[in-house]
Amino acid sequence: MQEMMGRVLEAWAGVPEAASFLAEWPQLGPRRVLEPATLPVCRWLQEMGSDGVVGAIRAASGRLQWRQTYGAGDFGADFLTGYGWAEFIGLRGLMASERIACGILLLAPGIVYPAHAHEAEEIYLPIHGEALWQQGQGEFKPVPVGQAVHHASWVPHAMRVGSEPLAALYLWRGGDLAAKSVILGQQGA
Ligand SMILES: [Fe+2]
């Protein structure tokens, strides 16, 4: 787990927009023991290779608590088979923080994550796959691995995943760090 956290921090260190979030990175915060939990979407980790931060997360995935914020009533049952996240830092993470949350989002090929918004300011860093990302009413644009996406508080955003599964690290700051997003779009939107 130490190895994985080191790799995650290393990945963020290359993102200038993340610097002020990283200032809140817990150094000696309480470590939680989380009951491991898996999800159907975790199978896609097997297709992501074993190098770098992706490989470190894949190696630790069986010890992570994979979770979902949405239910079948939000974006349908199919969405739930291709969606999940695990928190490394935060109110529910391996390392406790009330200032920031950090974790990983997994989305299966073909998944559409309709427009949603939340109070927390957010940075995503794709680490595998290439999805189309939308901010506000803008166009859906491809975001390659290593290119960060910054969402200000309450700015709506949506994703469409292509033929490869998407893995993206996220950082959250401000607002309720465990809040469920407000849904603005519908499946297929
Ligand atoms: Fe978000």
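Residues numbered from 1 in each chain as written. Predicted model: local features only at pLDDT ≥ 70, side-chain atom pairs only at ≥ 80, totals over all residues.

## Considering the overall build of the chain
As a reminder, the rule being used: The helix and strand labels rest on DSSP assignments: H or I over at least four residues marks a helix, E over at least two residues marks a strand, and numbering proceeds from the N terminus. A radius of gyration in this sense is built from C-alpha atoms; the matching globule rule multiplies 2.2 Å by the number of residues raised to 0.38. The exposure label follows from counting other C-beta atoms within 10 Å of a residue's C-beta, where the C-beta atoms are placed from the backbone and the thresholds are 20 or more for buried and 12 or fewer for exposed, leaving partly exposed in between. Working definition of a contact: two residues with C-beta atoms, positioned from the backbone, lying within 7 Å.
Summing up its helical and strand segments, the chain has 5 helices and 12 strands in all. By the compact-globule yardstick of 16 Å for 189 residues, the chain fits well, its C-alpha radius of gyration being 15 Å. Taken along its principal axes, the extent of the C-alpha atoms in the chain is 40 × 35 × 30 Å. Taken across its 189 residues, the chain has 37% of its residues classed as buried. Across the chain, every contact between residues at least 6 apart in sequence was considered, and the portion connecting residues at least 24 apart equals 74%.

## Quick notes on the sheet that holds strand β8 (residues 141–143)
Operational definition: Any two strands with at least two DSSP-identified bridges between them are counted as paired.
Strand order in the open sheet formed by 5 strands is β8-β7-β10-β5-β12, with antiparallel pairing between adjacent strands. Both edges of this open sheet fall to β8 and β12 (182–183), since each of them pairs with a single strand only. Pairing of strand β7 (residues 131–135) with strand β10 (residues 157–161), which is carried by 5 bridges, proceeds in the antiparallel orientation. Following the sheet pairing, Q134 is matched in β10 by A158.

## Digging into helix α3 (residues 52–60)
Residues of α3 that are buried include every one of V53, V54, A56, I57 and R58, and no others. On the buried face of α3, the contacting elements are α1 (2–13), β4 (100–107), β6 (121–128) and β11 (166–173).

## Quick word on the pairing of strand β5 (residues 112–117)
Here β5 runs beside β10; their pairing, made up of 3 bridges, is antiparallel. When the sheet's bridge partners are listed, V112 is paired in β10 with R160. Relative to β12, β5 is paired through 2 bridges, and the arrangement is antiparallel. For A117, the partnering residue across the bridge sits in β12 and is V182.

## Observations concerning α1
Using the following cut-off: One fewer than the residue count of a helix, multiplied by 1.5 Å, yields its expected span.
Along its 12 residues, α1 runs 16 Å from first to last C-alpha, staying within 8% of the 16 Å computed at 1.5 Å per residue. As for α1, its buried residues are in contact with α2 (19–22), α3, β2 (83–90), β4, β6 and β11.

## Section: the environment of E119
Among the secondary structure elements, E119 is positioned in the loop between β5 and β6. For E119, a count of 15 C-beta atoms within 10 Å translates into the label partly exposed. Each C-alpha atom of the pair E119 and L171 lies 13 Å from the other, and the pair is 52 residues apart in sequence. Not counting residues up to four positions away in its chain, the partners in contact with E119 are S153, W154, G174, G175, D176 and A179.

## Remarks on unusual backbone geometry
One non-glycine residue, W154, lies in positive phi territory at about 65 degrees. Examined against the element boundaries, W154 turns out to sit in the loop between β9 (149–151) and β10. Taking the C-beta count within 10 Å as the criterion, W154 has 12 such neighbours and is therefore assigned exposed.

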